[in-house]
Amino acid sequence: MQTSSDENGQESSSLAGNMVGLFSRMIVGMTIRMPRWFVGWISRRYVAGPDLEDAVKVMQRLSKEGACFTIDVLGEDITSMDEASFFLEEYKRVIMAISENHLDANLSIKPTAFGLLLDREKGMDNIEALVAMASSHDMFVRLDMEDNRVTDDTIQVMLDMHEKGLTNVGVVLQARLFRTIADIKDIAMKLGPNADYRICKGIYLEPSDIAHTDRQPIIEAMNTCIDEMLDTGAYVGIASHDHPVINHTLEALAIRKMGPEGLDPRMNSGDQRLHKGSGYEFQMLLGVRGPLRRKLHAKGHRTRVYIPYGEKWYEYSIRRLKENPTIGTQVAKAFLMPWTNRP
Ligand code: FAD
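Computed from a predicted model, the values in this text were never measured in an experiment.

K.L.:
Go over the packing of helix α5 (residues 120–136) against helix α6 (residues 151–163) with me, naming the residues and quoting the values.
P.N.:
Between α5 and α6, the least distance of the axes is 11 Å, while the angle of their chain directions is 55 degrees. Of the possible angle classes, the one that applies to α5 and α6 is oblique. In this structure, the crossing between α5 and α6 has a hand that is right-handed. Only Asp 153, Gln 156, Val 157, Asp 160 and Met 161 of α6 make contact with α5, whose side of the interface consists of Arg 120, Met 124, Ile 127, Glu 128 and Val 131. Within the contact of α5 with α6, the residues separate by chemical class into five nonpolar, one polar and four charged.

Next up, the structure:
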């Protein structure tokens with residue numbers, strides 16, 4: 001059903017919008033009160049499991065569908081540098097597991113989980129240690145983007161790593177933020193063809209003075225960002241399950257003569273990168289819109305699945321629901337109307 005509701009689940013003028021908002025809040029309220037086993041039952045579609053071995057098994061299974069991967073170790077906001085050390089050690093295990101199992105995978109990390117907000121210097125040391133180890137295994141590291149408190153810091157971490165010669169790192173930008181187009185231009189000036197993005201709508205519901213809050217303007221901003229990134233010669237990971245975004249991307253690629261058939265003909269894009277597509281790839285979350293991902297793969301596009309795993313799956317699921325209640329609606333829709341979204 002097409003509704004005129006905004007992505008915040010906030011009050012919309014239409015009845016349909018109100019219904020969706022009400023439904024979302026109901027789902028969130030209910031889920032938070034549900035027993036842990038029930039939340040676990042729902043989230044096992046979206047989270048590989050508590051252990052690294054679970055993530056490896058999921059990747060081995062989805063490799064047969066032609067997917068490649070990015071791995072996220074789940075964790076809540078950390079409160080001590082000991083927790084940051086845990087993440088560093090766990091991600092080192094991930095690098096070893098990817099190598100030993102010959103998986104086509106890279107890492108997604110949250111800079112705050114490495115201590116960036118607690119002790120900037122040590123946090124940076126932790127990130128550098130991981131990126132250096134990944135580099136020695138020819139592995140890429142993606143810096144996930146969190147809420148607007150850390151946008152500047154996250155971009156700066158990426159620039160600092162490049163300045164140190166560690167170019168196997170790229171950032172996520174969120175199309176809903178007004179600043180993003182300016183960020184793309186700025187990063188293009190600093191990194192040229194070494195810029196490597198994941199572009200997504202942005203999961204955090206940011207205030208209206210810094211971000212788009214309605215569905216259609218967010219889609220339009222996303223499509224503008226994709227065009228801008230492609231035109232600046234960057235590598236672009238399009239992270240979306242939304243048809244207007246995927247369709248726009250396919251058109252944008254065709255206009256630039258990019259696509260599965262050929263190499264990247266852009267004059268400003270640099271050499272083909274190791275373990276990457278020809279200038280772009282599609283990225284989706286584990287458990288979401290599998291048929292669309294498989295269709296893109298069948299047409300020859302590179303498709304990457306985001307694989308979260310970890311002990312903190314419960315806290316992660318509840319926090320995501322509270323941050324963005326529309327996820328509740330999407331999850332409920334996937335279970336009640338499975339034809340709308342199969343894993
Ligand atoms: P939507 O209109 O939200 O979704 C389209 C359809 O996809 C929905 O109707 C539903 O059927 C399905 N769907 C989408 N999301 C879900 C879900 N969670 N559960 C069940 N069904 C769903 N955001 C950040 O802020 N920072 C990040 O670092 C970040 N990394 C991401 C990495 C990947 C690989 C992906 C795919 C997303 C990431 N996101 C991140 C989230 C992103 O910003 C969006 O919130 C999310 O992808 C939903 O937007 P959409 O474009 O898929 O469109």
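K.L.:
Lay out the sheet that holds strand β3 (residues 141–143) with the relevant residues and their values.
P.N.:
Pairing is parallel in the closed barrel, where eight strands are placed in the order β1-β2-β3-β4-β5-β6-β7-β8. Neighbouring strand axes in the sheet, compared pairwise and without regard to direction, differ in orientation by 30 degrees on average. The pairing of strand β1 (residues 68–73) with strand β8 (residues 303–309) spans six bridges and is classified as parallel. Its bridge partner lying in β8, Ile 71 is registered against Ile 307. The sheet strands contacting helix α3 (residues 52–63) are β1, β2 (105–109) and β8, and the helix crosses β8 at an angle near 160 degrees.

K.L.:
Lay out the layout of surface pockets in plain terms, naming residues and giving numbers.
P.N.:
The calculated volume of the second largest pocket comes to roughly 300 Å³. Looking at the second largest pocket, it is lined by 17 residues, and the ones nearest its centre are Phe 140, Asn 168, Arg 273, Leu 274 and Lys 276. Every element with two or more residues in the lining of the second largest pocket is listed here: β2 and α5. Looking at the lining of the second largest pocket residue by residue, the class counts come to five nonpolar, six polar and six charged.

What counts and what doesn't
Here the residue numbering is sequential within each chain, running from 1 through the sequence in written order. Local features are withheld for residues below a pLDDT of 70 in this predicted model, meaning they are given only at 70 or higher, and side-chain atom pairs are given and counted only at 80 or more; totals for whole chains, interfaces and linings count all residues. Side-chain calculation: all heavy atoms of the structure are included, whereas hydrogens and water are not. Only the stretch in contact is used when fitting a helix axis, every axis being a line fitted to C-alpha atoms; angles between N-to-C directions are given from 0 to 180 degrees. Only DSSP runs of H or I covering at least 4 residues are called helices, and only runs of E covering at least 2 are called strands; the numbering of each starts at the N terminus. For this classification, under 35 degrees means roughly parallel, over 145 means roughly antiparallel, 65 to 115 means roughly perpendicular, and everything else is oblique. Here a crossing is taken to be left-handed if its near helix is turned anticlockwise relative to the far helix by less than a right angle, and right-handed if that turn runs clockwise. The contact rule is simple, with two residues in contact once any of their heavy atoms fall within 4.5 Å. The residue classification treats Ala, Val, Leu, Ile, Met, Phe, Trp, Tyr, Cys and Pro as nonpolar and Asp, Glu, Lys and Arg as charged. All others, Gly included, are polar. Strand pairing requires that DSSP identify at least two bridges connecting the strands. The rule is simple: put a 1 Å grid over the protein atoms alone, call a set of points where a 1.4 Å probe fits but cannot get out a cavity, call an open set with protein on both sides within 12 Å along at least five of seven lines a pocket, and count a residue as lining if it has an atom within 4 Å of a point. Grid points are joined across faces, edges and corners, and a volume is the space filled by probe spheres set on the points.

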